[in-house]
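Chain by chain, the residues run as shown.
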Amino acid sequence: MEFSENEEGLVKDSWEVLKQDIPYYSLRFFTIIFEIAPGAKAMFSFLRDSDEIPENNPKLKAHAIKVFKMTCESATQLREKGEIVVSDTTLRHLGSVHLARGVLDPHFEVVKEALLRTVKEAIGEDKWNEDVKCAWGKAYDCLANAIKAQMKHAD
Ligand code: HEM
Ligand code: ISQ
């Protein structure tokens, strides 16, 4: 896939903004996922037994950051190599975790939408545009495809 320096820049710049308030935006990211798909709550260990999203859950924060970071890395790899290379062990691990939790293809669209909305909130309406949306969307889609493929070929 073609991914320009400009597109990588758009992703990196908005990540820099988002990074300024990880606790807030990781919680927003998570909250938006469940606004879109309340049923997804049952899949998460840190939510299963509570009605409210835990405000300062270290696991939630760590995982949320990782999703953003991996999407950023995906952007860099796409620009450098035209494809993403997630290490074998990482993919195996992510494939098996998501498979075990019962994550299905449509869930990936939910997480994508939540990710994009979170970035939009972080950088603000005035900086948000089709180019930013498209750059994050492409980086996320490639990463999601790699995880989905792994889930289908898991042993
Ligand atoms: C766990 C990343 C998509 C649901 C995780 C973890 C990471 C991650 C890094 C932590 C793994 C660990 O325990 O070491 C990603 C990325 C995604 C993605 C990069 C897309 C590109 C999804 C989707 C869903 C989902 C679409 C479904 C809504 C979960 C669940 C866990 C998890 C349920 C286990 C959390 C727990 O209870 O500990 N994900 N994820 N993920 N993810 Fe995702
Ligand atoms: C795990 N996988 C996908 C999205 C997530 C969002 C917040 C916390 C953990 C996650």
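Look a little higher up for the structure.
Residues numbered from 1 in each chain as written. Chains lettered and ligands numbered in written order. Predicted model: local features only at pLDDT ≥ 70, side-chain atom pairs only at ≥ 80, totals over all residues. Heavy atoms only, no water.

A separate point is the pattern of salt bridges. The tally for this structure, following the rule as stated, stands at 8 salt bridges. Measuring nitrogen to oxygen at the nearest pair gives 3.1 Å for the salt bridge that ties Glu8 to Lys12. With a gap of 4 residues between them, Glu8 and Lys12 both fall in helix α1 (residues 5-18), about one helical turn apart. Members of the salt-bridge network, linked through shared partners, are Glu8, Lys12 and Arg79. (Salt bridge = Lys/Arg side-chain N within 4 Å of Asp/Glu carboxyl O. Helix = DSSP H or I, 4+ residues; strand = E, 2+ residues; numbered from the N terminus.)

Donor atoms from the protein around the iron atom of ligand 1 number only one, His98 (NE2), found at 2.0 Å. One can describe the donor arrangement at the iron atom of ligand 1 as octahedral, given that its 6 donor atoms subtend angles of 89 to 179 degrees at the metal. With respect to the element layout, His98 can be found in helix α4 (residues 88-100). (Donors = N, O, S within 2.8 Å, 3.2 Å for Na, K, Ca; no water. Tetrahedral: all angles 85-135°; square planar, octahedral: opposite > 155°, others 65-115°.)

In the neighbourhood of ligand 1, 21 residues make up the surrounding shell, with Met43, Ser45, His93, His98 and Arg101 lying closest. Within the side chain of His93, an N or O atom sits 2.7 Å from an oxygen atom of ligand 1. Breaking the shell around ligand 1 down by element, the ones donating at least two residues are α3 (58-81), α4, α5 (105-123) and α6 (130-153). Grouping the amino acids of the shell around ligand 1 by side-chain chemistry returns 13 nonpolar, 5 polar and 3 charged. (Near = heavy atom within 4 Å. Polar contact = N/O pair within 3.5 Å; in protein donor to acceptor, adjacent residues only side chain to side chain. Nonpolar A, V, L, I, M, F, W, Y, C, P; charged D, E, K, R; others polar.)

What follows is about the site of ligand 2. Near ligand 2 you find Phe29, Phe30, Ile33, Phe44, Leu60, His63, Ala64, Val67 and His98, and these make up its full shell. For ligand 2, whose accessible area on its own is 270 Å², the fraction buried by protein is 88%. Considering only residue class, the shell around ligand 2 consists of 7 nonpolar, 2 polar and no charged. (Areas by Shrake-Rupley, 256 points an atom, 1.4 Å probe, with all protein chains shown as cover.)

Another point: the packing of aromatic side chains. On inspection of all chains with the given rule, the structure shows 7 aromatic pairs. For the ring pair Trp15 and Phe68, a centre distance of 6.2 Å and an interplane angle of 20 degrees mean the geometry is stacked. Of this pair, Trp15 sits in helix α1 while Phe68 sits in helix α3, placing them 53 residues apart in sequence. Since its relative accessible area comes to 2%, Phe68 is described here as buried. Ring plane angle 80 degrees and centroid distance 4.9 Å describe the contact between Tyr24 and Tyr25, whose orientation is recorded as edge-to-face. Using a relative accessible area of 13% as the deciding quantity, one classes Tyr25 as buried. These aromatic residues form a ring-pair network of at least three members: Trp15, Phe29, Phe68 and Trp136. (Phe/Tyr/Trp six-rings, centres within 6.5 Å; stacked < 30°, edge-to-face > 60°. Buried < 20%, exposed > 50% of the residue type's maximum accessible area, 1.4 Å probe, protein only.)

Moving on, we come to the side chain of Glu7. By the secondary structure assignment, Glu7 is in helix α1. The residues contacting Glu7, other than those within four sequence positions of it, are Glu2, Ala135 and Lys138. (Contact = heavy atoms within 4.5 Å.)

Among the nonpolar cores identified, the biggest contains 50 residues, and Phe30, Phe68 and Trp136 are the most heavily contacted of them. Going through the elements one at a time, α1, α2 (22-36), α3, α4, α5 and α6 are the ones with two or more residues in this core. Among the elements that take part in this core, α6 stands out by supplying 11 residues, more than any other. Dropping the residues within four chain positions of it, Phe30 is found in contact with Phe44, Phe46, Leu47, Ile53 and Leu60. (Core = buried A, V, L, I, M, F, W, Y, C linked by side-chain atoms within 4.5 Å.)

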